[in-house]
Amino acid sequence: MKLSRNVTLSLALSAVLILIAVGCNKNDAISQAGKHDAINGVPVPSIEETKAIAKDGFIFGLPIVMYYTSGYELFIDPTSSQYKAPLGQLFNEARVFTPKDTAVITPNSDTPYSLAQVDLRAEPYVISVPAVSKPRYYAVQLTDANTFNYGYIGVRTTGNGPGDYLIAAPDWNGTTPPGIKKVFHSTTPFTVVIFRTQLFNAKDMPNVVKIQADYKLQPLSAFLKKPAPSVAAKIDFLKSDADIAKKQFWEVLDFALQYIPPSPEEAPIRARLASIGIGPGKKFNMRDLSLEHKAAMLLGMKDGDEAVDKFLASGGKVINGWNVDSMFGDRAFYNGDWLKRAGAAKGGIFGNSAEEAMYPYTRITGTGETLDASKHNYTLTFAKDSLPPVNAFWSVTMYDGKTQFLIDNPINRYLINSPMLPGMKKNPDGSLTLYVQKDSPGKDKESNWLPAPNGTIYLVMRLYWPKETPPSILPAGEGTWQPPALQVAQ
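Residues numbered from 1 in each chain as written. Predicted model: local features only at pLDDT ≥ 70, side-chain atom pairs only at ≥ 80, totals over all residues. Heavy atoms only, no water.

Visitor: Before we go on, may I ask you to explain the pattern of salt bridges in this structure?
Guide: When their charged atoms lie close together, side chains carrying opposite charge are able to pair. Tallied over the full model, the rule gives 19 salt bridges. Here K247 makes a salt bridge to D243, at a shortest N to O gap of 3.3 Å. Of this pair, K247 and D243 both sit in helix 6 (residues 242-247), four residues apart, which is roughly one turn of that helix. Relative accessible area serves as the criterion here: at 60%, K247 is assigned to the exposed category. Residues joined by salt bridges that share partners form a network here, namely K84, E93, R95 and D101. (Salt bridge = Lys/Arg side-chain N within 4 Å of Asp/Glu carboxyl O. Helix = DSSP H or I, 4+ residues; strand = E, 2+ residues; numbered from the N terminus. Buried < 20%, exposed > 50% of the residue type's maximum accessible area, 1.4 Å probe, protein only.)

Visitor: Looking at this structure, I do not really get the sheet that holds strand 16 (residues 378-382). What am I missing?
Guide: One key point about sheets: their strands pair by backbone hydrogen bonds, in either a parallel or an antiparallel sense. Pairing is mixed across the open sheet formed by four strands, whose spatial order is 20-19-16-22. A strand with exactly one partner marks an edge of an open sheet, and here the two such strands are strand 20 (449-451) and strand 22 (486-488). Adjacent strand axes in the sheet meet at a mean angle of 30 degrees, parallel and antiparallel pairs treated alike. (Pairing = 2+ DSSP bridges. Axes fitted to C-alpha atoms, helices over the stretch in contact; angles between N-to-C directions.)

Visitor: How should I be thinking about the environment of G300 in this particular structure?
Guide: Tracing the backbone through its elements, the reader meets G300 in helix 9 (residues 291-314). Taking the C-alpha atoms as reference, G300 lies 36 Å from P86; in sequence the two are 214 residues apart. When neighbours within four sequence positions are excluded, G300 is seen to be in contact with K51, A54 and K55. (Contact = heavy atoms within 4.5 Å.)

Visitor: Quick question: what am I supposed to make of the confidence of the model for the protein here?
Guide: Any region with low pLDDT has predicted coordinates that should not be read closely. With 91% of its residues at a pLDDT of 70 or more, the protein shows a mean pLDDT of 90. Below a pLDDT of 50 lies the segment residues 2-37, which in the model reaches 74 contacts outside its immediate sequence neighbourhood of four places, other chains included. (pLDDT = per-residue confidence, 0-100.)

Visitor: Would you mind going over unusual backbone geometry with me for this structure?
Guide: Note on backbone geometry: most residues besides glycine have negative phi, and most peptide bonds are trans. Cis geometry is found at the peptide bond from K134 to P135, where omega equals 5 degrees. With respect to the helices and strands, P135 occurs in the loop between strand 5 (125-129) and strand 6 (138-144). Going from L474 to P475, the amide bond is cis rather than trans, its omega being -5 degrees. Tracing the backbone shows P475 in the loop between strand 21 (457-464) and strand 22. In this structure, N335 is a non-glycine residue whose phi angle is positive, near 45 degrees. Looking at where N335 falls in the secondary structure, it is placed in the loop between helix 10 (331-334) and helix 11 (338-348). Positive phi, close to 65 degrees, is recorded for Q404, a residue that is not glycine. Within the secondary structure layout, Q404 lies in the loop between strand 17 (394-400) and strand 18 (415-417). Since its relative accessible area comes to 10%, Q404 is described here as buried.

This is the structure:
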């Protein structure tokens, strides 16, 4: 899953021009402000320092803002077109995602979702899962407001049997109740719980719905059939959507940080953000800044956004045009690498950790040319016995190259995955070719057609529960299996 396209920055050219224009003279307002400036009587960093803080602060804060905005649209604002359910209530989606789903970018259309956001301040919650028969794959991903994947329930980690599991706030130190198989600690009091249940085909949906009906999420007191504790203080949530997050990034970050306990590795960036009025106990407002500092903040954000894009383009190992990297994980995985965390969020927030799923992605051919279906047709060929090596299943999903959303197409096909293999045609030598293009390759090849937009392409391959022994895509970027290159169709 990934957050809305507009959360990624689109800065006003006029603001950039302001800073350029006033920065031409050493005696101009910027230089003077750099020597001595104040917001409400509190000295602030120089213009250059402000710009540097804004760059690093944007990189640090992007996943937090994306998480908050996605959570607000999905679980807080009932007027949002993306709203699913109130806090603490599990919502089952009895369908796969389509182009109409825009709360997250690069959405997975392989598995119907069951979603919830939980407030753990008053008490822990209990997740209960039923027995899920083989070979069906399912996973419950636990992701907190830091976008750390702090735990998994499912066939890979806990098996196919039923069970009850507890999720708790970082400061919870209560006694584990009888019957609870495992306790997971979030690093924040708010956490998203994401169930993915494999769908074999359209006729399989009733079976998925039955499984979803047996997923349960309830407060610990309800699980124990005891009186509930005192409710946590009511929160007047700051409104946020894609447009607000773009225009009021710092205000949203400032609000969200009060519900994210600081960790030791955050101390330097938290201190720098505090120096410009961002963080718990503060109330940041761009209107408090001088014109020069506003421009510096915007330019710093622009630099930060470009750094994230550069990381996404080259941060992982590029193999046959595919970026193959391990992007998601827990707190120890990131270990203060905020650029990697930001790249993961912008590339696809709420993505799985590598051991649960790998996500090779590409915008280019094997020789480096941008994928553009308005200019070319493409093919993706897996050699005989060289399909993606997985314990569960794999897919290749098509997205619009600009928005990273699923695309409308005449056959309503957004991906090709391994459950579709029996209905696909293989080549005489046993290889499998996918036809990646905007127009039909012909009736005889439509079973292998992955419809493309009339423009640039963003392709994501998903390997669920990747095999760990050769051939394997693991370790990321060094595995014995490599994704094949896209080629211009001859």
